[in-house]
Amino acid sequence: MDQEQEQDKTGLLSHHAQQQLEQSDPDGGSGGSHSTADDTPPAAAYEPCDPLIILNLFQSLSSTTNSLELQIKINLHLKALTKSPYVFLVPILHSSDEGLIQVINDNILDKEIRFSINTTHLKNENLQNGYSFVIDDINKDFSEVIEMVVGNKHNTLVYDIKSPRVSKLQSQISTASTSSTASLPALSSFDGVNVQPQLQAHHSCTSSSSSSRSQLKQQQIALFVCIAGDNESRSRYQFYIEDTFRYVLGHLLTAFELFEEKRVRYQCQNLLQVARRLLGKIGDLGQLLQGVMTEAKELTAAERCSLFLLDKHTGELVSKVFDGNEASKEIRIASGKGIAGYVAQTGKLLNIRNAYQHPLFYKGVDESTGFKTRNILCFPICDEAGVIGVAQLCNKLNGFHFDRCDEEVATAFSVYCGISIMHALVHKQVQKAEARFKLSQELLLYHMKVPDTEIQHVLEGVSAPEVQQHTVDFPQFDFCPRDVKDFALSVQLSMRMFTDLNFVASFQIHEDKLARFILMVQKGYRDTPYHNWWHAFSVAHFAYALMMNLQLIEKGIITKMQGFSFLIAAFCHDLDHRGTTNTYQTQSSSPLARLYSSEGSVNERHHLSQAIYILNDSSSKILDGLSTEEFKECIDYLRDLILATDLSNHFRIMKKLKKLRADNLSESANQRLLLSLMITCCDLSDQIKSWETVQHVAHLVYAEFFAEGDMERQMGLRPDTMMDRKKACIPVLQIDFLTTVIRPTFEILVQIFPQTNCFLETIDSNREHWIEQKENADCPAGSGCCEFAERNTDSAPN
């Protein structure tokens, strides 16, 4: 036994208790003298304890269920009867096969001692006499624990108390003896040598009937009574112990059970507090791992803790932190190697009492660091899929070794660790994903950056003759934005929309920022057949035309802020459109679908995100002149308007839209419905243009649809008819679209604003053109329509 262990043992008993033991003398002296069975007086030779004393003891015990108080009272009672220097009880916890020492005489230990004690043989029905197995199983642990708490100045006699009644204590190993005790001789100093103390067992055959023998075989040891004394005192002590526990054992055992229940409840509460502290650190994996080690050490009273995470790619255990300190380099342990590797591979907790005697322990680490490992508790950390890490605790402080209670705590603690670590890893992945997303957005915005020379060119061209020639017809509904076909001119006309509606002056927009904003929006659209800049320009123009011709702001139908948001939303409503529908995004599990599918309107939410990024760019912040409240209001309207361009949302609120009238628009809810209706009309405004435009735009739309159908077919899916170039007939599809979607939507607009009745006339006219084309079509299966769509795609403006 080394010096460190001696110091640990001495520290378990308070100084007062040690001093009290050193000043006391044993009744029969100390030494190794052992009397034979013939020298042992019969029990009848001893005077029974005064019944009044027993009654007073029982009355005092009944006033409390505190196991510590009960042990103190019983210890003092037995000490007074036997005149022994010390008495203490060792209850056996059968749920964990452990012995427990808490009190010596009337001194409560600073730290209770738990140690393994195998009681399996007690339950073995083949056992006939005695308990020699107790000597075999507890000889080393029990004797060392006793020496740890009371030293080696006195002999210690050990008596077993069986439940539900006091067992007959056996004496020496002799066929004629009738009692049973175990004595611990005085232990000499070890001088560093591990000397095995000798416990003596005495047992004999009983002469009882087979039925009573069967009863005895079913009994279990409830506790041990340890008392200082020698062989001459054995029989006298046995008499008083048996006389005492005949009356108090049941109450004492109930108190021990209650103590264990309270311990488990406190342990659960403590673990919940630990979980709360750990979950508060999931934002930083490094801090979380250090927190895990700190909590594990405190929960189990360990000297050191190491934490390893499993690298699922290599199968290795990896750690950069030991005992809360970051190592100079990463430590890796191969799969299945060493104690930690074994636990990671098997997923089972490993409690090692003597590290140097365990075959998996590697002494080289101790030799290189100078640290002395005595015992180890190593447990896995798991998630639903399996082991994700291993925690290894070294050297139980103020204890013999890691006990069953520590194992229970470690097992429960590992669950919280697994949850916290997995949340931290996921959080870290989310942080990385957000960082990559921001980088990609910065890269996108970088490529969307507009040189100052281009801004200057746009600002100089605003008053150019080409722009001025559209002064009269540009605000009209019948103006066709797709006829412009010049990007620079379309930007200059877009700036005019903001100026004509007085947004530039009202919201203090710098002209260079407005020009940069429009150019960045233009660059934010992809070169798809239909969902491109020209579609956005057309939608924005119709929004501008509605506000100009219907005087929506001047008449107070909508506020200026709503109008401002309405125009921005029209420009940005399809930003970075990929030419595919929401359904395709979901079916293909695209990155956009993974990001937005839980919220619905996948494409529209991406368009909104792109719009906000452009509006937040320092060079294109056209909302800089707004107050904080105005900014929030503008973004709120912008979100509602862009999401409203999803036709599924339009159909969802169709019943409410039909209730809109010119006289109920002042209600707040109806104002939002009106904005939703108008942005949908803007999005569909190509259908109220001239027949040439309508026909051209339809084939651009179906060019996208057919491309999506081809991709769906490659995925093994069956595309809808309108997406299938082999089955679709564009005139038939367009007739149905105009009948079921376009006309019902514009009918509501006309219901509110009768002056727009011309829209319905144009829709009906275009529907007749499609009917005529259908009747003259030469392709019943739609193949001719497809060829026409492909030819018209090539003529789309670039």
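Cut-offs used in this document
Residues numbered from 1 in each chain as written. Predicted model: local features only at pLDDT ≥ 70, side-chain atom pairs only at ≥ 80, totals over all residues. Heavy atoms only, no water. Axes fitted to C-alpha atoms, helices over the stretch in contact; angles between N-to-C directions. Helix = DSSP H or I, 4+ residues; strand = E, 2+ residues; numbered from the N terminus. Parallel < 35°, antiparallel > 145°, perpendicular 65-115°, else oblique. Left-handed = near helix turned anticlockwise from the far one by under 90°. Contact = heavy atoms within 4.5 Å. Nonpolar A, V, L, I, M, F, W, Y, C, P; charged D, E, K, R; others polar. Patch = residues over 30% accessible without salt bridge, like charges linked within 9 Å, V, L, I, M, F, W, Y side chains within 5 Å. Areas by Shrake-Rupley, 256 points an atom, 1.4 Å probe, with all protein chains shown as cover. Salt bridge = Lys/Arg side-chain N within 4 Å of Asp/Glu carboxyl O. Lys, Arg positive; Asp, Glu negative; His and termini not counted. Charge placed at Lys NZ, Arg CZ, Asp CG, Glu CD. Buried < 20%, exposed > 50% of the residue type's maximum accessible area, 1.4 Å probe, protein only. Expected span 1.5 Å × (residues − 1). Bend = angle between axes of the 7 residues up to and from the residue. Phe/Tyr/Trp six-rings, centres within 6.5 Å; stacked < 30°, edge-to-face > 60°. Lys NZ or Arg CZ within 6 Å of the ring centre and 35° of its normal. Core = buried A, V, L, I, M, F, W, Y, C linked by side-chain atoms within 4.5 Å. pLDDT = per-residue confidence, 0-100.

So, on to the packing of helix α14 (residues 487-500) against helix α17 (residues 533-549). Two elements in contact, α14 and α17, have axes separated by 11 Å at closest approach and are oriented at 25°. Comparing their axes, α17 and α14 come out roughly parallel. Where α14 crosses over α17, the handedness of that crossing is left-handed. Along its contact with α14, which presents F487, S490, L493, S494, R496, M497 and D500, the element α17 presents W533, W534, F537, A540, H541, Y544 and M548. The residue makeup of the contact of α14 with α17, split by class, is nine nonpolar, three polar and two charged.

Quick look at a positive patch on the surface now. Where like charges cluster on the molecular surface, the positive patch consists of K655, K656, K658 and K659. Mapping K656 onto the fold places it in helix α24 (residues 654-657). The class for K656 is exposed, based on a relative accessible area of 53%.

Mapping G347 onto the fold places it in the loop between α9 (338-346) and β11 (350-352). If we skip the residues at most four places from it in the chain, G347 touches P380 and V387.

On to helix α27 (residues 730-752), then. An ideal rise of 1.5 Å per residue puts 33 Å on 23 residues; α27 measures up with 32 Å between its terminal C-alpha atoms. In α27, a bend of some 40° at L738 exceeds every other bend along the element.

A few words on the packing of aromatic side chains. If you walk through the whole model with that rule in mind, you get 22 aromatic pairs. On the numbers, 5.9 Å between centres and 15° between planes, the contact of F498 with F571 is stacked. You can see F498 sitting in helix α14 and its partner F571 sitting in helix α18 (residues 560-572), a full 73 residues away along the chain. For the pair shown, F498 and F571 are each scored as buried. When the ring of W533 is compared with that of F537, the centres are 6.0 Å apart and the planes differ by 25°; the resulting orientation is stacked. Note that W533 and F537 are positioned in helix α17 at a spacing of four residues, about one turn of the helix. For the pair W533 and F537, a shared accessibility class is recorded, and that class is buried. Members of the aromatic cluster, connected to one another through ring pairs, are F487, F498, F503, F507, W533, W534, F537, F564 and F571. Looking at R304, its charged tip hangs above the ring of F371, at a distance of 4.1 Å from the centre. The residue whose ring lies beneath K372 is Y356, and the NZ or CZ to ring-centre distance is 5.4 Å.

Judged by nonpolar contacts, the single largest core of 110 residues is most densely connected at F498, L546, F564, L567, I568 and F746. With twelve residues, the top contributor of residues to this core is α17. Among all residues touching L567, those that are not within four sequence positions of it are M497, F498, L501, F503, A540, Y544 and M547. Residues L278, C305, F379 and A391 belong to the second largest nonpolar core, which totals 26 residues.

Right, let's get into helix α26 (residues 691-714). Compared with the 34 Å implied by 1.5 Å per residue over 24 residues, the 35 Å span of α26 between its first and last C-alpha is a close match. Among the 24 residues of α26, 18 are classified as buried, and the element is accordingly described as predominantly covered.

The next subject is the environment of A515. Locating A515 in the fold gives a position in helix α16 (residues 511-523). Considering only alpha carbons, one finds A515 and E454, 61 residues apart in sequence, at a separation of 9.2 Å.

Let us look at the confidence of the model for the protein chain. Residues of the protein chain with pLDDT of at least 70 account for 76%, and the chain-wide mean is 78. This model gives residues 120-139 a pLDDT under 50, and the stretch forms 43 contacts once residues within four places in sequence are excluded. When the criterion is pLDDT under 50, residues 165-217 qualifies, and its contacts beyond four places in sequence or with other chains add up to 129 contacts.

A few words on the packing of helix α12 (residues 452-461) against α16. Between α12 and α16, the shortest axis-to-axis distance is 10 Å and the interhelical angle comes to 110°. Between α12 and α16, the interaxial angle falls into the category roughly perpendicular. Mapping the contact onto sequence places D452, E454, I455, V458 and L459 in α12 and E511, D512, A515, R516, L519 and K523 in α16. Residues that form the contact of α12 with α16 fall into these classes: five nonpolar, no polar and six charged.

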